[in-house]
Amino acid sequence: MRALASTILAAAVLLAGPAFAAPPAPTEKIELTKMMGRWYEVARLPNKVQNGCQGGTSTWQRVSDGFSVVQACHKGSLTAPVTEWKAKAKVLDPSTNAKLQMTFFNGLVKQEYWVLEHRPDQGWLILGTPGGRAVWLMSQRPTLPAGVKTQALARLRQLGYDVGRLEFPLPAKN
């Protein structure tokens, strides 16, 4: 009886965990100057904040104490007004520059983000949260060439993400 109860408890614990593995912590050094400028959202896991967002962008600018980040999208369609979220970002791990903390609403909301892959030669990066619940594929152009997009999606799959759950919003016009 006790063995059966232990087995049931163990199964419940395993089933209660996330349906995906958390991504590995970044280990490669990121060149921060190659992160600057405008990035276009190619794909993302669904999330409440970006529900219905189209034409998503994230613009990074270096400031004295880190980065100023402006995230924007059009809710519902590309003709809708722009919705913006302003954030400040700072590097948490100077050995890689790949772990960042972003603060929104004058520091009321804080979230850690990891640069899980950065391919400046191909113009894309993967940004995610440490627990694996959120991920974005970003590009330095509004769209990625098909072959490059296939490589980026393969890398997302290697990192443990279910690419079948990704949303592919319409690209920004600028």
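Keep in mind it's a predicted model, so treat the numbers as computed, not measured.

### What about the sheet that holds strand 1 (residues 37–44)?
Working step 1: On the basis of which strands lie adjacent, the closed barrel formed by eight strands has the order 1-2-3-4-5-6-7-8 and antiparallel pairing. Between one strand axis and the next, the sheet turns by 35 degrees as a mean value, whatever way the strands run.
Working step 2: Pairing between strand 6 (residues 109–119) and strand 7 (residues 124–128): five bridges, direction antiparallel. When the bridges of strand 7 are listed, His118 appears paired with Leu125.
Working step 3: Packing of helix 2 (residues 146–158) onto the sheet brings it into contact with strand 1, strand 6, strand 7 and strand 8 (135–139), and relative to strand 7 it is tilted by some 25 degrees.

### Thoughts on the state of the cysteines
Working step 1: Tallied over the full model, the rule gives one disulfide.
Working step 2: One disulfide in the model links Cys53 with Cys73; its S-S distance is 2.0 Å. With a gap of 20 residues between them, Cys53 in strand 2 (residues 53–63) and Cys73 in strand 3 (residues 66–75) connect regions that are remote in the sequence. Accessibility classification places Cys53 together with Cys73 in one group, the buried group.

### With respect to the pairing of strand 8
Working step 1: Counting buried positions along strand 8 yields five of five residues, so the element is predominantly enclosed.
Working step 2: Of the two faces of strand 8, both are covered, the one formed by Val135, Leu137 and Ser139 as well as the one formed by Trp136 and Met138.
Working step 3: The pairing of strand 1 with strand 8 spans four bridges and is classified as antiparallel. Its bridge partner being in strand 8, Ala43 is matched across the sheet by Leu137.
Working step 4: Direction of pairing for strand 7 relative to strand 8: antiparallel, over a ladder of five bridges. For Leu125, the partnering residue across the bridge sits in strand 8 and is Met138.
Working step 5: Between strand 7 and strand 8, which pair antiparallel and follow one another directly, the connecting turn spans six residues, one of which, Gly132, has a positive phi of 85 degrees.

### A closer look at the pattern of salt bridges
A side chain of one charge can pair with a side chain of the opposite charge if their charged atoms are brought near each other.
Working step 1: Overall, the coordinates contain four salt bridges when judged by the stated rule.
Working step 2: Across the salt bridge formed by Glu167 and Arg44, the nearest N and O atoms sit 2.8 Å from each other. Here Arg44 lies in strand 1 and Glu167 lies in the segment after helix 2, a separation of 123 residues in the sequence.
Working step 3: Here Arg44 falls in the buried class, since its relative accessible area comes to 2%.
Working step 4: Between Arg119 and Glu117 there is a salt bridge, with its nearest N and O atoms 2.9 Å apart.
Working step 5: You can call Glu117 buried: its relative accessible area is 11%.

About the thresholds
- Residues numbered from 1 in each chain as written.
- Predicted model: local features only at pLDDT ≥ 70, side-chain atom pairs only at ≥ 80, totals over all residues.
- Heavy atoms only, no water.
- Pairing = 2+ DSSP bridges.
- Helix = DSSP H or I, 4+ residues; strand = E, 2+ residues; numbered from the N terminus.
- Axes fitted to C-alpha atoms, helices over the stretch in contact; angles between N-to-C directions.
- Contact = heavy atoms within 4.5 Å.
- Disulfide = S-S within 2.5 Å.
- Buried < 20%, exposed > 50% of the residue type's maximum accessible area, 1.4 Å probe, protein only.
- Salt bridge = Lys/Arg side-chain N within 4 Å of Asp/Glu carboxyl O.

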